[in-house]
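Structural overview
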Amino acid sequence: MSAVSNPATVAECLRVGAGFSQGDRNWIAEQFATLDARLAGFHADATELEVSVKDREARGQKVTLECWIAGRQKIVTTSSEEDLHAALNDVRDDLRRRLNDSKTRQEPRHNKHLRELPPQAGAPADEDTEPVRADAETA
């Protein structure tokens, strides 16, 4: 992968959505800091993260982390953990795993056209001719 001139970081790309205040943003960015290494391969101006929570601090709260990277499908991770800290860690870890899976799918070894091998040297050029076969009875 070529070096990115302006690598994406959580601190630069994170927005807080419903259920969080701007005061929560720095705390959440610290929780998500381990994503920086994974996001560094993408341009900051082409990467967005948004975290939101529904029914914060109540039974059944749902934390959602959305990730948009130009040229890729949107990734959405959710957690229903009752503890907010655990839910944030859950969506962070799931996003990291899905980014890794996405990268793996785009590598050449998973591209059928790049995997196909040319004919091997020394192989018969004419496929119409059958190889000479010695039968067990005549040998």
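Anything mentioned here points back to the structure above.
Keep in mind it's a predicted model, so treat the numbers as computed, not measured. (Residues numbered from 1 in each chain as written. Predicted model: local features only at pLDDT ≥ 70, side-chain atom pairs only at ≥ 80, totals over all residues. Heavy atoms only, no water.)

1. A closer look at the pattern of salt bridges
Evaluation of the coordinates by the stated rule reveals nine salt bridges. Between Asp-93 and Arg-92 there is a salt bridge, with its nearest N and O atoms 3.0 Å apart. With relative accessibility at 34%, the residue Asp-93 sits in the partly exposed group. A salt bridge links Asp-94 to Arg-97; its shortest N-O distance comes to 2.5 Å. Note that Asp-94 and Arg-97 are positioned in helix H4 (residues 84-106) at a spacing of three residues, about one turn of the helix. Overall, the relative accessible area of 45% leaves Arg-97 in the partly exposed class. Salt bridges sharing partners connect three or more residues here, namely Arg-15, Glu-48 and Glu-50. (Salt bridge = Lys/Arg side-chain N within 4 Å of Asp/Glu carboxyl O. Buried < 20%, exposed > 50% of the residue type's maximum accessible area, 1.4 Å probe, protein only. Helix = DSSP H or I, 4+ residues; strand = E, 2+ residues; numbered from the N terminus.)

2. A closer look at the sheet that holds strand S4 (residues 75-79)
Judged by pairing direction, the sheet is mixed, and its four strands sit side by side in the order S1-S2-S3-S4 without closing on themselves. One side of each edge strand has no neighbouring strand; the edge strands of this open sheet are strand S1 (14-16) and S4. Looking at each pair of strands side by side, their axes are set apart by 15° on average, direction ignored. Relative to strand S2 (residues 47-54), S1 runs parallel, the two sharing three bridges. From the neighbouring strand, Val-16 faces S2, where its bridge partner is Val-51. In the packing of helix H2 (residues 22-31) onto the sheet, contacts are made with S1 and S2, and the angle to S1 comes to roughly 140°. (Pairing = 2+ DSSP bridges. Axes fitted to C-alpha atoms, helices over the stretch in contact; angles between N-to-C directions. Contact = heavy atoms within 4.5 Å.)

3. Structural notes on unusual backbone geometry
Positive phi, normally seen in glycine, also occurs at Asp-55, with a value near 60°. Relative to the assigned elements, Asp-55 resides in the loop between S2 and strand S3 (62-69). Look at Asp-55 and you get partly exposed, because its relative accessible area is 46%.

4. Some details on the pairing of S4
Of the two faces of S4, the one lined by Ile-75, Thr-77 and Ser-79 is fully buried and the one lined by Val-76 and Thr-78 carries no buried residue. Pairing geometry for S3 and S4, over five bridges, is antiparallel. In the strand pairing of S4, Val-63 is matched with Ser-79. In this structure, the hairpin formed by S3 and S4 is closed by a connection of five residues, where Gly-71 is found at a positive phi of approximately 85°.

5. Remarks on H2
All of the buried residues in H2 are Asp-24, Arg-25, Ile-28, Ala-29 and Gln-31. Within H2, the buried residues cover an arc of 145° as seen down the axis, which keeps them to one side. Exposed and oriented more than 90 degrees from the buried face of H2 are Gly-23, Asn-26 and Glu-30. (Arc of directions from axis to C-beta.)

By themselves these figures say nothing about function.
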